[in-house]
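Here are the chains, one letter per residue:
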Amino acid sequence: MRTFPLQLMRGFKSFRGAKAKAGSYQHSRLAIDGQKPEVLVIACCDSRVTPELIFSADPGSLFVVRNVANLVPPPTHDDRNLSTAAAIEFAVTGLHVRHIVVLGHARCGGIKAAVDNVDGQKSTSAVSRWMNWLPKTVHDDAHNHAHDHDFHDDGEVLTRCSHDHKYRAVEEAGIRQSVNNLMLYDYVREGVEFGKLTLHGSWFDIEKGELWVMDGLTKVFHWTDGVDFK
Ligand SMILES: [Zn+2]
């Protein structure tokens, strides 16, 4: 008990205090009614990219699975990658979510590892092996979309350095790949085809606090401040 992180104990104390002050204990209702989230978010483990904070989401409203670089590997017939697949399966077939959002982000360490090892040198590290789920074709896709953000949506010329630009292009290509891979899961594809499920890609700029949402047709990411969404 004494070794439990003090930071977490203080945070929990604050959490309990805020709940008591509000005069209601939302979790007791959630425990009785069960969870009915409408959105599955597939996000990175990165501590700077917290879906519940970014989307101001209350407990029970987002079903979240996090892994390194927010990857959705294609379905397999062996026991690899069951964690992410199990979360997707439960969200779609058990909770009947209406949306799946792949949330990528700037300065992703997993993507950086993949970009810096584009030659595919063998490594025994778990991160390197996990990032092998990102196919080499994402680098071609990133190249094809390399000029997507030469201009901001409002016409402002972006001044990102080429270094950032290179990683960002692959971060976005990885999100496109994950959204494509979702369609390889039978229950996801059926949900989309029957109009019960919609897939989305998004990218969070940590430094600027910006959210970019992928256009479903062009696959290009556009900046949004959320105002246009009702
Ligand atoms: Zn990341």
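Here the structure is shown first, and the text comes after it.
The paragraphs below set out a description of the structure included in this document. It should be emphasised that the depicted structure is a prediction, and the values quoted were computed from it without experimental measurement. (Residues numbered from 1 in each chain as written. Predicted model: local features only at pLDDT ≥ 70, side-chain atom pairs only at ≥ 80, totals over all residues. Heavy atoms only, no water.)

### Let's talk about the pattern of salt bridges
Item 1. Counting across every chain of the model gives nine salt bridges.
Item 2. Between arginine 107 and glutamate 207 there is a salt bridge, and its shortest N-O distance comes to 3.2 Å. Pair noted here: arginine 107 is in the loop between β3 (99-105) and α5 (109-116) and glutamate 207 is in the loop between β4 (198-205) and β5 (210-214), with a separation of 100 residues, a long-range link.
Item 3. Salt-bridge contacts for arginine 168 lead to glutamate 172; the nearest nitrogen and oxygen are separated by 2.8 Å. One end of the pair, arginine 168, and the other, glutamate 172, are both in helix α8 (residues 162-182), four residues apart, so they sit about a helical turn from each other. (Salt bridge = Lys/Arg side-chain N within 4 Å of Asp/Glu carboxyl O. Helix = DSSP H or I, 4+ residues; strand = E, 2+ residues; numbered from the N terminus.)

### Some remarks on the coordination of the zinc ion
Item 1. In this structure, Cys44 (SG), His105 (NE2) and Cys108 (SG) serve as the protein donors to the zinc ion, at separations of 2.0 to 2.3 Å.
Item 2. Each donor residue of the zinc ion belongs to the same chain, and together they define the spacing C-x60-H-x2-C. Of this pair, cysteine 44 sits in strand β1 (residues 39-44) while histidine 105 sits in strand β3, and the two are 61 residues apart along the sequence.
Item 3. Taking relative accessible area as the criterion, cysteine 44 reaches 5% and is therefore assigned buried.
Item 4. Take histidine 105: its relative accessible area is 1%, and that puts it in the buried class. (Donors = N, O, S within 2.8 Å, 3.2 Å for Na, K, Ca; no water. Buried < 20%, exposed > 50% of the residue type's maximum accessible area, 1.4 Å probe, protein only.)

### Some details on the packing of aromatic side chains
Item 1. This structure, assessed with the given rule, holds four aromatic pairs.
Item 2. Here phenylalanine 63 and phenylalanine 90 contribute two aromatic rings whose centre-to-centre distance is 5.8 Å and whose plane-to-plane angle is 55 degrees, an arrangement assigned as tilted. Of this pair, phenylalanine 63 sits in strand β2 (residues 62-67) while phenylalanine 90 is found in helix α4 (residues 82-94), placing the two residues 27 residues apart along the sequence.
Item 3. According to the relative accessible area criterion, phenylalanine 90 is partly exposed, its value standing at 40%.
Item 4. Their ring planes at 80 degrees and their centres at 6.4 Å tell us that tryptophan 203 and tryptophan 212 sit as a pair that is edge-to-face.
Item 5. With a relative accessible area of 1%, tryptophan 203 lands in the buried category.
Item 6. Among the residues examined, tryptophan 212 registers a relative accessible area of 0% and is labelled buried.
Item 7. Between lysine 166 and the ring centre of tyrosine 167, over which it is positioned, the NZ or CZ distance is 5.3 Å.
Item 8. When the ring centre of tryptophan 203 is taken as origin, the NZ or CZ atom of arginine 168, which lies over that ring, is 3.9 Å away. (Phe/Tyr/Trp six-rings, centres within 6.5 Å; stacked < 30°, edge-to-face > 60°. Lys NZ or Arg CZ within 6 Å of the ring centre and 35° of its normal.)

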